[in-house]
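# Observations on chain architecture
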Amino acid sequence: MSQATTKVKYTATPPENSPRKKTFFNRLMKQMDVQLMVWPGILLIFVFAYIPMYGVLTAFMDYNLFTGSRIFDNPWVGFKHFEAFLTAPDIATVMRNTLMISLLKLLIGFPAPIILALMLNEVRHMVFKRVVQTITYLPYFMSWVIVGGMVMALLSTENGSVNMLLEGVGAIDEPVNFLSLKEYFWGILVSTTVWKEIGFGSIIYLAAIAGVDPHLYEAADIDGASKFKQIYLITIPTIMPVIIIFMILAMGNLLSAGFEDILILAQNPILRPVSDVIDTYVYRVGLQNGKFSYGVAVGLFRAVISVLLLTAANYLARRSGNGLW
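The structure contained in this document is the topic of the report that follows.

The rules behind each value
- Residues numbered from 1 in each chain as written.
- Predicted model: local features only at pLDDT ≥ 70, side-chain atom pairs only at ≥ 80, totals over all residues.
- Heavy atoms only, no water.
- Helix = DSSP H or I, 4+ residues; strand = E, 2+ residues; numbered from the N terminus.
- Buried < 20%, exposed > 50% of the residue type's maximum accessible area, 1.4 Å probe, protein only.
- Contact = heavy atoms within 4.5 Å.
- Areas by Shrake-Rupley, 256 points an atom, 1.4 Å probe, with all protein chains shown as cover.
- Lys, Arg positive; Asp, Glu negative; His and termini not counted.
- Charge placed at Lys NZ, Arg CZ, Asp CG, Glu CD.
- Core = buried A, V, L, I, M, F, W, Y, C linked by side-chain atoms within 4.5 Å.
- Axes fitted to C-alpha atoms, helices over the stretch in contact; angles between N-to-C directions.
- Parallel < 35°, antiparallel > 145°, perpendicular 65-115°, else oblique.
- Left-handed = near helix turned anticlockwise from the far one by under 90°.
- Salt bridge = Lys/Arg side-chain N within 4 Å of Asp/Glu carboxyl O.
- Phe/Tyr/Trp six-rings, centres within 6.5 Å; stacked < 30°, edge-to-face > 60°.
- Lys NZ or Arg CZ within 6 Å of the ring centre and 35° of its normal.
- Polar contact = N/O pair within 3.5 Å; in protein donor to acceptor, adjacent residues only side chain to side chain.
- Expected span 1.5 Å × (residues − 1).

## Looking at the overall build of the protein chain
In terms of regular secondary structure, the protein chain is built from 16 helices and zero strands. Within the protein chain, buried positions represent 33% of all 325 residues. Considering only contacts in the protein chain between residues 6 or more positions apart, those separated by 24 or more positions represent 65%. Approximately 20600 Å² of the protein chain is accessible, and the part contributed by carbon and sulfur atoms is 68%. Between the mean site of the 24 positive side-chain charges and the mean site of the 21 negative ones, the protein chain shows a separation of 16 Å.

Have a look at this one:
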């Protein structure tokens with residue numbers, strides 16, 4: 001075979017009117033309606049999420065606010081702000097609070113919508129089911145300002161329902177200011193978050209349960225399997241891929257213990273030893289004190305750790321055949 005023949009056979013660029021090029025163009029035209037929906041979203045993400053990412057470079061500088069967008073005029077300081085964060089006197093308290101609150105939310109808040117979805121799936125009275133769904137969905141659409149105000153009203157020492165109930169049953173002799181006691185804060189925060197998120201989270205699991213083949217339940221019913229066994233042996237294994245995917249995403253947010261909820265419920269400075277997490281620390285030290293480079297460095301540190309946790313969780317899930325990538 002001559003050299004000229006080889007070049008024609010293995011050329012990387014297809015000819016102008018080749019069937020391969022026509023096929024790609026035809027496929028593009030057939031997907032035009034989908035392309036018109038996808039590309040605006042990709043463009044918005046690129047403009048508002050990826051282009052501003054050059055701002056993370058300020059974590060390696062002593063950023064001066066008055067330099068504006070000319071960030072390269074600021075002096076480079078290397079890992080100075082990362083070292084300052086890792087050696088800060090508050091780092092142990094901040095990391096402990098972040099991990100403990102995140103783990104409590106993960107252990108209690110993650111299975112809660114799954115359990116609610118399994119219970120709602122067994123309800124046959126449609127009116128009761130819709131009422132329960134509406135009541136549980138409603139808190140998700142309220143802002144944390146409203147939810148925090150409701151919690152403060154419930155726990156108030158003056159006409160608060162919780163204190164009135166506990167006094168009525170004789171559990172306490174006088175009203176307790178729960179939001180000023182450190183030992184109650186984690187419980188109040190986690191239970192409030194679960195109450196706010198449980199209804200909306202259950203929607204996804206109800207949709208996954210709706211995809212279970214009903215013939216499996218009929219066969220199990222004929223074999224005499226109880227409802228509990230049907231849930232344990234059919235429903236949960238069927239929706240397990242969805243559960244694992246959301247578990248992977250939850251592991252990636254392990255260092256995101258919350259911001260709005262903590263900022264609203266922990267207004268009393270006495271609670272800072274148990275409420276100060278990475279997000280509130282960045283807000284307090286980085287923004288309120290004007291240490292912008294320090295705040296960016298802490299945020300970048302948390303993002304890198306989150307990516308590592310997400311990758312590790314996905315690796316473990318992929319070994320069971322349910323990884324995200």
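We are not done yet, so read on.
## Focus on the nonpolar core
Judged by nonpolar contacts, the single largest core of 21 residues is most densely connected at F110, I114, Y205 and I243. Contributing elements (two or more residues each) for this core: α6 (111-122), α10 (182-210) and α12 (227-252). The biggest single contributor to this core is α10, with seven residues. Residues in contact with Y205, not counting those within four places in the same chain, are F110, P113, I114, A117, V242, I243 and F246. Core analysis: the second largest hydrophobic core is formed by 18 residues, V151, F178, I188 and L265 among them.

## Comments concerning the packing of helix α11 (residues 214-222) against α12
For any two helices packed against each other, one specifies the crossing angle of their axes together with the interaxial distance. Relative orientation of the contacting elements α11 and α12 amounts to 150 degrees, with a least axis distance of 11 Å. One element, α11, and the other, α12, form an angle in the roughly antiparallel class. Between α11 and α12 lies a crossing of right-handed hand. Across the interface between the two elements, L216, Y217, A220 and D221 of α11 pack against Q230, I234 and T235 of α12.

## Some thoughts on the pattern of salt bridges
Summed over the entire model, instances satisfying the criterion amount to six salt bridges. Between K105 and D261 there is a salt bridge whose closest N-O contact spans 2.9 Å. Taken together, the residues K105 in helix α5 (residues 91-109) and D261 in helix α13 (residues 260-265) connect sequence positions 156 residues apart. For K227, the salt bridge goes to E122, with nearest N and O atoms at 3.8 Å. Of this pair, K227 sits in helix α12 while E122 sits in helix α6, and the two are 105 residues apart along the sequence. Since its relative accessible area comes to 48%, K227 is described here as partly exposed.

## What to know about the packing of α6 against helix α7 (residues 126-137)
At a closest axis distance of 10 Å, the pairing of α6 and α7 adopts a crossing angle of 160 degrees. Considered as vectors, α6 and α7 are oriented roughly antiparallel to each other. For α6 against α7, the interelement crossing comes out left-handed. Along the contact surface, α6 presents L116, L120 and N121, while α7 presents K129, V132, Q133 and T136.

## Comments concerning the packing of aromatic side chains
In this description, a pair of aromatic rings is defined by centroid distance and the angle of the planes. Overall, the coordinates contain 14 aromatic pairs when judged by the stated rule. For the pair F79 and F82, a centre-to-centre distance of 5.7 Å together with 55 degrees between the ring planes defines the contact as tilted. Exposure remark for F79: the relative accessible area of 53% places this residue in the exposed category. An aromatic cluster of three or more residues is present, and its members are F85, Y281, Y294 and F301. The residue whose ring lies beneath K196 is Y140, and the NZ or CZ to ring-centre distance is 5.5 Å.

## Let's talk about the side chain of Q35
With respect to the element layout, Q35 can be found in helix α3 (residues 32-50). Among the polar contacts made by the side chain of Q35, one reaches the side chain of W39 at a distance of 2.6 Å. Filtering out sequence-adjacent residues up to four positions away, Q35 remains in contact with L28 and P40.

## Concerning the environment of V274
Positionally, V274 belongs in helix α14 (residues 272-275). Distance in space between the C-alpha atoms of V274 and W186 is 7.7 Å, their sequence separation being 88 residues. Among residues more than four places away in sequence, those in contact with V274 are R96, N97, I101, K182, F185 and W186.

## Looking at α6
Over its 12 residues, α6 runs 17 Å from end to end, which matches the ideal 16 Å to within 8%, given 1.5 Å per residue. Among the structural elements, α5, α7, α10 and α12 are those in contact with the buried residues of α6.

## Structural notes on the environment of P75
Structurally, the position occupied by P75 is in the loop between α3 and α4 (80-86). The class of P75 is partly exposed, set by a relative accessible area of 48%. Each C-alpha atom of the pair P75 and I245 lies 42 Å from the other, and the pair is 170 residues apart in sequence.

## Some details on unusual backbone geometry
Trans is the prevailing form of peptide bonds, just as negative phi is the prevailing case for residues other than glycine. One non-glycine residue, N159, lies in positive phi territory at about 65 degrees. Within the element layout of this structure, N159 appears in the loop between α8 (144-154) and α9 (161-168).

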